[in-house]
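# Coordinate analysis (summary)
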Amino acid sequence: MSDFPVNPLVLIGVGSSFAFSGLFYHLYQEKKEELKKLKEIPIFRPDQHLVKVLRASPHKRLQYVAVEGLIQADGEPLASQFVPRCFGVIQKIAVEEHWKYWNSLSKTWNSRTMNRKETNNTVPFSLVSPGAYIADLYVKVQNPLEASGCDLERVYFKVRRAEEGLANVMLQGLSGEKPVAIEESEELLRVGSTLTGFGEVVLEGGQVMRLQAPQDGRRYILVPTDYRSFIDRHERSANMWKMLTAVTGITGATLLAKVIHGLVGKQDDKSK
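A quick note: this is a predicted structure, and the numbers were derived from the prediction, not measured. (Residues numbered from 1 in each chain as written. Predicted model: local features only at pLDDT ≥ 70, side-chain atom pairs only at ≥ 80, totals over all residues. Heavy atoms only, no water.)

## Details of the environment of Thr196
Locating Thr196 in the fold gives a position in strand 10 (residues 194-205). If we skip the residues at most four places from it in the chain, Thr196 touches Ala66, Val67, Glu68, Ile221, Leu222, Val223, Thr225, Asp226 and Tyr227. Among the polar contacts listed, one links the side chain of Thr196 to the backbone oxygen of Thr225, at a separation of 2.7 Å. (Helix = DSSP H or I, 4+ residues; strand = E, 2+ residues; numbered from the N terminus. Contact = heavy atoms within 4.5 Å. Polar contact = N/O pair within 3.5 Å; in protein donor to acceptor, adjacent residues only side chain to side chain.)

## Focus on helix 1 (residues 8-39)
Relative to the 46 Å expected for 32 residues at 1.5 Å per residue, helix 1 spans 46 Å between its end C-alpha atoms, a close match to the ideal helical length. Those residues of helix 1 not exposed but buried are Val14, Ser17, Ser21, Phe24, Tyr28, Lys31, Leu35 and Leu38. (Expected span 1.5 Å × (residues − 1). Buried < 20%, exposed > 50% of the residue type's maximum accessible area, 1.4 Å probe, protein only.)

## A closer look at the packing of aromatic side chains
Taken as a whole and assessed by the stated rule, the structure comprises 6 aromatic pairs. Centre to centre, the rings of Phe82 and Tyr156 are 4.0 Å apart; their planes meet at 0 degrees, and the pair counts as stacked. Remark: Tyr156 occurs in strand 8 (residues 153-161) and Phe82 occurs in the loop between strand 3 (78-79) and strand 4 (87-103); sequence separation between them is 74 residues. Take Phe82: its relative accessible area is 30%, and that puts it in the partly exposed class. (Phe/Tyr/Trp six-rings, centres within 6.5 Å; stacked < 30°, edge-to-face > 60°.)

## A short note on the pattern of salt bridges
A full pass over the atoms with the stated rule returns 14 salt bridges. Glu235 is the partner of Arg228 in a salt bridge, and the nearest nitrogen-oxygen pair spans 3.5 Å. One connected set of salt bridges, linked through shared partners, spans Lys39, Arg228, Asp232 and Glu235. (Salt bridge = Lys/Arg side-chain N within 4 Å of Asp/Glu carboxyl O.)

## Observations concerning the layout of surface pockets
In this structure, the largest pocket spans a volume of roughly 370 Å³. Every residue lining the largest pocket is counted, 15 residues in all, and those nearest its centre are Glu34, Leu38, Tyr64, Arg219 and Ile221. At the level of secondary structure, the elements contributing two or more residues to the lining of the largest pocket comprise helix 1, strand 12 (221-223) and helix 4 (227-271). A per-class count over the lining of the largest pocket returns 7 nonpolar, 2 polar and 6 charged. (1 Å grid on protein atoms, 1.4 Å probe; cavity = no way out; pocket = protein on both sides within 12 Å on 5 of 7 lines; lining within 4 Å. Points joined across faces, edges and corners; volume = space filled by probe spheres on them. Nonpolar A, V, L, I, M, F, W, Y, C, P; charged D, E, K, R; others polar.)

## Details of the nonpolar core
Ranked by internal contacts, the top residues of the largest apolar core, which has 28 residues, are Val89, Phe125, Leu189, Met209 and Leu222. Of all the secondary structure elements, the ones that give two or more residues to this core are helix 2 (48-55), strand 2 (61-73), strand 4, strand 6 (125-128), strand 7 (138-141), strand 10 and strand 11 (208-212). Dropping the residues within four chain positions of it, Phe125 is found in contact with Ile71, Gln72, Ala73, Asp74, Val89, Ile90, Lys140, Val141, Pro144, Leu189 and Leu195. Counting 11 residues, the second largest nonpolar core, distinct from the first, contains Leu38, Phe198, Val223 and Phe230. (Core = buried A, V, L, I, M, F, W, Y, C linked by side-chain atoms within 4.5 Å.)

## A few points about a nonpolar patch on the surface
Taken together, the side chains of Phe18, Leu256, Ile260 and Val264 present a nonpolar region at the surface, about 320 Å² in accessible area. At 3 residues, helix 4 tops the list of elements feeding residues into the nonpolar patch. Mapped onto the fold, Leu256 is located in helix 4. (Patch = residues over 30% accessible without salt bridge, like charges linked within 9 Å, V, L, I, M, F, W, Y side chains within 5 Å. Areas by Shrake-Rupley, 256 points an atom, 1.4 Å probe, with all protein chains shown as cover.)

## Here we look at the pairing of strand 6
Alternating positions in strand 6 separate into two faces, Phe125 and Leu127 on one and Ser126 and Val128 on the other, with burial throughout. Summarising the sheet, strand 2 and strand 6 pair through 4 bridges and their orientation is antiparallel. Looking at strand 6, one finds that Ala73 is bridged to Phe125. Bridge count between strand 6 and strand 7: 3 bridges; the pairing is antiparallel. Residue pairing for strand 7: Phe125 is matched across the bridge by Val141. (Pairing = 2+ DSSP bridges.)

## Thoughts on helix 2
The complete set of buried residues in helix 2 reads Leu50, Val51 and Leu54. Seen along its axis, helix 2 keeps its buried residues to an arc of 100 degrees; they face one direction. Its buried side turned inward, helix 2 meets strand 1 (43-44), strand 2, strand 7, strand 10 and strand 11. (Arc of directions from axis to C-beta.)

## Here we look at the side chain of Ser80
When you line up the elements, Ser80 lands in the loop between strand 3 and strand 4. A distance of 3.1 Å separates the side chain of Ser80 from the backbone nitrogen of Phe82, its partner in a polar contact. A polar side-chain atom of Ser80 sits 2.6 Å from a polar atom in the side chain of Glu186. Non-local contacts of Ser80, meaning those with residues more than four positions away in its chain, are made with Cys86, Gln91, Val155, Glu186 and Leu188.

## Digging into the side chain of Glu187
Residue placement: Glu187 occurs in strand 9 (residues 177-190). Judged by relative accessible area, Glu187 falls into the buried class, the value being 19%. Leaving out residues up to four positions away in the same chain, Glu187 has contacts with Ile90, Gln91, Lys92, Leu152, Glu153 and Arg154.

## Focus: the confidence of the model for the chain
Taken over all residues, the pLDDT of the chain has a mean of 86, while the share at 70 or more is 88%. Across the chain, strand 3 holds the top mean pLDDT of 96, while helix 3 (residues 166-175) sits lowest at 50. (pLDDT = per-residue confidence, 0-100.)

In structure tokens form, the structure reads like this:
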């Protein structure tokens, strides 16, 4: 090892730095291209301008656009089962049990989750322009559960501890298992919140518009935020990959420069 002029760990560090730099640069280019395509998508609101554009379009449809608006239930909204005066159009309620079981090999109690029950509800809803108290113009959202990106807001979460009763003690003795807690949660796509949908928009008749999954194979996306915040999130992601590319590249170059400097110094010493 003493005959080898460079520490192998340093060489591994140089190679790893350049490898990660290349990977991060590839991810940056992918995110940059994705961001470019997103910015090319026309953005509309449910207003008279969108109606005019649709009427002037072939077959009264726009193949792939973004529509930003406030969520409004077409009929009666879904009421939260846990939070008063909280309403939504998509609702997910999950209940799961946390148990512990005795592991005879390790002589310890291990945890596991079981009996998970999930209920999903939805009602028809539309997007309206902010400030439209009487929404005579709106875009109906078709099949929202088929869209991607629609993260719901958690409005309720509670963990209820299991009671240490006689029945649980007997169950623990017989089966080596015992209930620990029951976890309840509720998520909603709330009425009045902002939603941006990416898909195909069709003018059904008069001024009734519909947002639906595109027929050209592109993704049907619903994001519970405004368009600007959605783009900002992608820009932050692209900048993160760009920064990591620079940091790992500079680290690799610095290590490589030190290796070369050390080798040149040793050659100078030998020549003397």
